[in-house]
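What follows is each chain in one-letter form.
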Amino acid sequence: EAGSIPVLVKGDLHKKSSFHNSQCKEALHHWYDAPMLVLDSWRDLFPTVERLMGDHEALDEMQVKLRTWYDEYMHSVVGGFEDFMLEAAIEEKSVCDDILLFVPDIHGSLGSQLNDYILAATLATFRNKAMVILDAPQELICPTEDKVYPLGLSSIVKSPTWLTRGCAVPCQATHGYSDW
């Protein structure tokens, strides 16, 4: 975090747990390809840090590579978790029968709508419901010909699949925004 570069000793990075029934065997295996500082022994720490401190360009490059790797790693971890949650939700029978329909207040600011969205998403998650947004049509928010810059909550929020569970706004064929 904050530009730090993890430092490990090769033996610790690849160390297997000493407990036979441990669930943490090779706990750092996801970090094997991380562009961090891996030393042969702790005796190498001072000379290595001294060398890096003398080459600011190499140090900056190492930080950029690590940040990029970490962002990609966390994106894959979060994506895997979302996929896991979505699969569990899809396996449930009639997952779209229990939806929290969020209708943002079109007269409120986007900040206010975003706060309401976060509260509704928390509630939907706690109550184990799918949540979908029924945003006001552009014409109600800003009756103009200029559709280049969409307004409303959907202009800043893309609801994740784990929250919507793949459900659509109910009764789209029979109910419009004003009907709700």
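Here, every reference points to the structure presented above.
Presented here is an overview of the structure given in this document. (Residues numbered from 1 in each chain as written. Predicted model: local features only at pLDDT ≥ 70, side-chain atom pairs only at ≥ 80, totals over all residues. Heavy atoms only, no water.)

Some remarks on the overall build of the protein
Then, number 1: Tallying secondary structure elements over the protein gives six helices and four strands in all.
Then, number 2: In sequence order, the secondary structure elements of the protein are arranged as β-α-β-α-α-β-α-β-α-α.
Then, number 3: With 180 residues in all, the protein has 25% of them scored as buried.
Then, number 4: Of the contacts formed within the protein by residues at least 6 apart in sequence, a portion of 72% connects residues at least 24 apart.
Then, number 5: Total accessible area computed for the protein in this model is approximately 12,700 Å², and 58% of it derives from carbon and sulfur atoms. (Helix = DSSP H or I, 4+ residues; strand = E, 2+ residues; numbered from the N terminus. Buried < 20%, exposed > 50% of the residue type's maximum accessible area, 1.4 Å probe, protein only. Contact = heavy atoms within 4.5 Å. Areas by Shrake-Rupley, 256 points an atom, 1.4 Å probe, with all protein chains shown as cover.)

Some thoughts on the pairing of strand β3 (residues 99-102)
The side chains of a regular strand alternate, first on one face of the sheet and then on the other.
Then, number 1: Residues L100 and F102 point to one face of β3 and are all buried, whereas I99 and L101, pointing to the other face, are not buried.
Then, number 2: Across four bridges, β3 lies against strand β4 (residues 130-133) in parallel orientation. Bridged to F102 within β4 is I133.
Then, number 3: Handedness of the β-α-β unit built from β3, helix α4 (residues 110-126) and β4 comes out right-handed. (Pairing = 2+ DSSP bridges. Right-handed = clockwise from strand over helix to strand, strands pointing away.)

Remarks on the nonpolar core
Then, number 1: Among the nonpolar cores identified, the biggest contains twelve residues, and these are I5, L13, A34, M36, L37, L39, L52, L59, M62, L66, W69 and Y73.
Then, number 2: Looking at this core, the elements that each hand over two or more residues are β2 (37-39) and α3 (56-91).
Then, number 3: For this core, the element with the highest residue contribution is α3, accounting for five residues.
Then, number 4: Discounting residues that sit within four places of it in the chain, L39 has contacts with V7, L8, V9, K10, D44, L45 and T48.
Then, number 5: Core analysis: the second largest hydrophobic core is formed by eleven residues, A121, L153, V157 and L163 among them. (Core = buried A, V, L, I, M, F, W, Y, C linked by side-chain atoms within 4.5 Å.)

Some words on the side chain of T164
Then, number 1: Along the chain, T164 falls in helix α6 (residues 161-164).
Then, number 2: Residue classification places T164 among the buried residues on the basis of a relative accessible area of 13%.
Then, number 3: When sequence neighbours within four positions are dropped, the list of residues in contact with T164 reads A130, M131, V132 and S159.

Focus on α4
Then, number 1: Compared with an ideal rise of 1.5 Å per residue, which puts 17 residues at 24 Å, α4 spans 24 Å between its outermost C-alpha atoms and is within 8% of the ideal.
Then, number 2: Within the span of α4, buried status applies to Q113, Y117, A120, A121 and A124. In an axial view of α4, the angular spread of the buried residues amounts to 105 degrees, which keeps them on one side of the axis. More than 90 degrees from the buried face of α4, the exposed residues found are N115, L119 and F126.
Then, number 3: Lining the buried residues of α4 we find β3, β4 and α6.
Then, number 4: Positive phi appears at N128, one or two residues downstream of α4, with a value of about 60 degrees. (Expected span 1.5 Å × (residues − 1). Arc of directions from axis to C-beta.)

Let's talk about the pattern of salt bridges
Then, number 1: For the coordinates displayed, the defined rule picks out four salt bridges.
Then, number 2: Where K10 meets D40, a salt bridge forms, and the shortest distance between an N and an O atom there is 3.1 Å. Separated by 30 residues along the polypeptide, K10 in helix α1 (residues 10-13) and D40 in the loop between β2 and α2 (45-54) bring together distant segments of the chain.
Then, number 3: Judged by its relative accessible area of 57%, D40 falls in the exposed class.
Then, number 4: A salt bridge links K65 to E61; the shortest N-O distance between them is 3.1 Å. With K65 and E61 both in helix α3, this residue pair falls four residues apart, about one helical turn.
Then, number 5: Residue E61 is classed as partly exposed on the basis of its relative accessible area of 42%. (Salt bridge = Lys/Arg side-chain N within 4 Å of Asp/Glu carboxyl O.)

Let's talk about the environment of G3
Then, number 1: With respect to the helices and strands, the residue G3 is situated in the segment before β1 (7-9).
Then, number 2: Taking the relative accessible area as the measure of exposure, G3 reaches 39% and is therefore partly exposed.
Then, number 3: Separated by 57 residues in sequence, G3 and D60 place their C-alpha atoms 8.9 Å apart.

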